[in-house]
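# Architecture at a glance
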Amino acid sequence: MPKTARRPAIAGLLTATSLILALSGCTPANEIAPADARDDAPAADVKARDAQLAADGKGTKDSKDSKDAKSGKDAADGSAVDCRKVKCVALTFDAGPSENTDRLLDILKKEQVHATFFMLGKNHIAERPAEVKRIDREGHELANHTWSHQILTGATPAEIKSQLSRVQKAVHDLTGKTPTLMRPPQGRTDEKVAKVSKELGLAEVLWSVTAKDYQTNDSKLITKRVLDQTEQDGIILLHDIYPGTVPAVPGILKELKHRGFTLVTVSQLLSPAKPEPGMVYRP
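All figures in this text were calculated on a predicted structure; none of them were measured in a lab.

## Examining the overall build of the chain
- Along its length, the chain carries 12 helices and 10 strands.
- Restricting the contact set of the chain to residue pairs at least 6 apart, pairs at least 24 apart contribute 76%.

## A word on helix H5 (residues 101-111)
- All of the buried residues along H5 are Thr101, Leu104, Leu105, Ile107 and Leu108. One side of H5 carries all its buried residues, which in axial view fall inside an arc of 160°. Facing away from the buried surface of H5 by more than 90 degrees, the exposed residues are Arg103, Lys109 and Lys110.
- Count one or two residues on from H5 and you reach Gln112, which has phi positive near 55°.

## With respect to the nonpolar core
- Ranked by size, the top nonpolar core spans 34 residues in total, and within it Leu91, Phe93, Leu108, Phe117 and Leu238 carry the most contacts.
- Looking at this core, the elements that each hand over two or more residues are strand S2 (88-94), H5, strand S3 (116-119), helix H7 (129-137), helix H8 (157-175), helix H10 (219-229), strand S8 (234-239) and helix H11 (249-258).
- The next biggest cluster of nonpolar side chains, apart from the first, holds 21 residues, and it includes Val81, Ala90, Met279 and Tyr281.

## Focus on the pairing of S3
- Burial along S3 is two-sided: the face carrying Thr116 and Phe118 and the face carrying Phe117 and Met119 are both buried.
- Across 3 bridges, S2 lies against S3 in parallel orientation. Among the inter-strand pairings, Phe93 is bridged to a residue of S3, identified as Phe117.
- In this fold, the crossover linking S2 to S3 by way of H5 has right-handed handedness.
- Alignment of S3 against strand S4 (residues 141-144), held across 4 bridges, turns out to be parallel. Following the sheet pairing, Phe117 is matched in S4 by Leu142.

## Some points on the layout of surface pockets
- Here the second largest pocket is characterised by a volume of approximately 220 Å³.
- Residue lining of the second largest pocket: 18 residues in total, with His149, Gln186, Tyr214, Leu237 and His239 positioned closest to the centre.

## Some details on the environment of Arg225
- For Arg225, the location among the structural elements is in helix H10.
- Arg225 sits 14 residues away from Ala211 along the chain, and the two C-alpha atoms are 5.2 Å apart.

## A few points about the pairing of S8
- Of all the 6 residues making up S8, 6 are buried; the element is thus mostly covered by neighbouring parts of the structure.
- Burial along S8 is two-sided: Gly234, Ile236 and Leu238 and Ile235, Leu237 and His239, pointing in opposite directions, are all buried.
- In the sheet, strand S7 (residues 209-210) pairs with S8 via 2 bridges, with the strands oriented parallel. Residue pairing in the sheet places Val209 in a bridge with Ile236 of S8.

## Looking at the packing of aromatic side chains
- Evaluated as defined, the whole model comprises 1 aromatic pair.
- When the centroid spacing of 5.5 Å and the interplanar angle of 25° are considered together, the rings of Phe93 and Phe117 count as stacked. Of this pair, Phe93 sits in strand S2 while Phe117 sits in strand S3, and the two are 24 residues apart along the sequence.
- With relative accessibility at 1%, the residue Phe93 sits in the buried group.
- On the accessibility criterion, Phe117 (2% relative accessible area) is buried.
- Directly above the ring of Phe118 sits Arg183, whose terminal nitrogen or CZ lies 4.2 Å from the centroid.

## Things to note about unusual backbone geometry
- For the bond running from Gly96 to Pro97, omega is 0°, close enough to zero to count as cis.
- Mapped onto the secondary structure, Pro97 falls in the loop between S2 and H5.
- With omega at 15°, the peptide bond leading from Ser271 into Pro272 counts as cis.
- Structurally, Pro272 is set in the loop between helix H12 (266-270) and strand S10 (280-281).
- The phi dihedral of Ala95 falls on the positive side, at around 75°, and the residue is not glycine.
- Inspection of the secondary structure assignment puts Ala95 in the loop between S2 and H5.

Calculation notes
Residues numbered from 1 in each chain as written. Predicted model: local features only at pLDDT ≥ 70, side-chain atom pairs only at ≥ 80, totals over all residues. Heavy atoms only, no water. Helix = DSSP H or I, 4+ residues; strand = E, 2+ residues; numbered from the N terminus. Contact = heavy atoms within 4.5 Å. Buried < 20%, exposed > 50% of the residue type's maximum accessible area, 1.4 Å probe, protein only. Arc of directions from axis to C-beta. Core = buried A, V, L, I, M, F, W, Y, C linked by side-chain atoms within 4.5 Å. Pairing = 2+ DSSP bridges. Right-handed = clockwise from strand over helix to strand, strands pointing away. 1 Å grid on protein atoms, 1.4 Å probe; cavity = no way out; pocket = protein on both sides within 12 Å on 5 of 7 lines; lining within 4 Å. Points joined across faces, edges and corners; volume = space filled by probe spheres on them. Phe/Tyr/Trp six-rings, centres within 6.5 Å; stacked < 30°, edge-to-face > 60°. Lys NZ or Arg CZ within 6 Å of the ring centre and 35° of its normal.

As structure tokens, this is what we get:
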């Protein structure tokens, strides 16, 4: 067959193969579930993690024995929680901080639960530096949700870099810490987004539970949606910018604890693995 005839045939085969992979739900090479990330953690990280847990006095306790873990008495760096043994779910909040964030932080402090906050820059970090500092001071995880909620898959690499790096700098300037996690707006990501994220030292985090709280202010409905979807090793997506969300949080936490869940940050959920830049973590 002449080369000119082979090229269209090969191109057609690659297109068909890509379509089959998409329809079959095959996982991209840079996507991994939290439980798989824990299983694949380097031996050195596992050893270090077990030593930390032993020092905390939690290394041999499971979900039935760990009273402190069930009540959420754990630091954001992952101490005192072993999600290999405890039934964990990560709690995350997007698009803040907002006028509701202080009330949310009061609830989390009372319930002794830590969460991961994927924060926006424009009109949020830039306008509410005190809340960012409080999120950090009270042991929650600081994460990146872009500067202005631009859909990254439709952006150029330079635009993606600007959207993410501006948040990185703003958070570092306020807290001295640089986020290692980011959540793409609407969960839209691709190889281009992953490449820029990797260059900036960021891992992407998607979710398994959504209350669609951007569609309703009904706190009871938000609570029901979360509870109906939550399973072990899941990641809950909520928004602290909507008025119906924060009032739903106490009921969500109470019921999840009753069901034996430990509420953790994303990094706690992944431990002993560490977030790997360029990877996409999806339950």
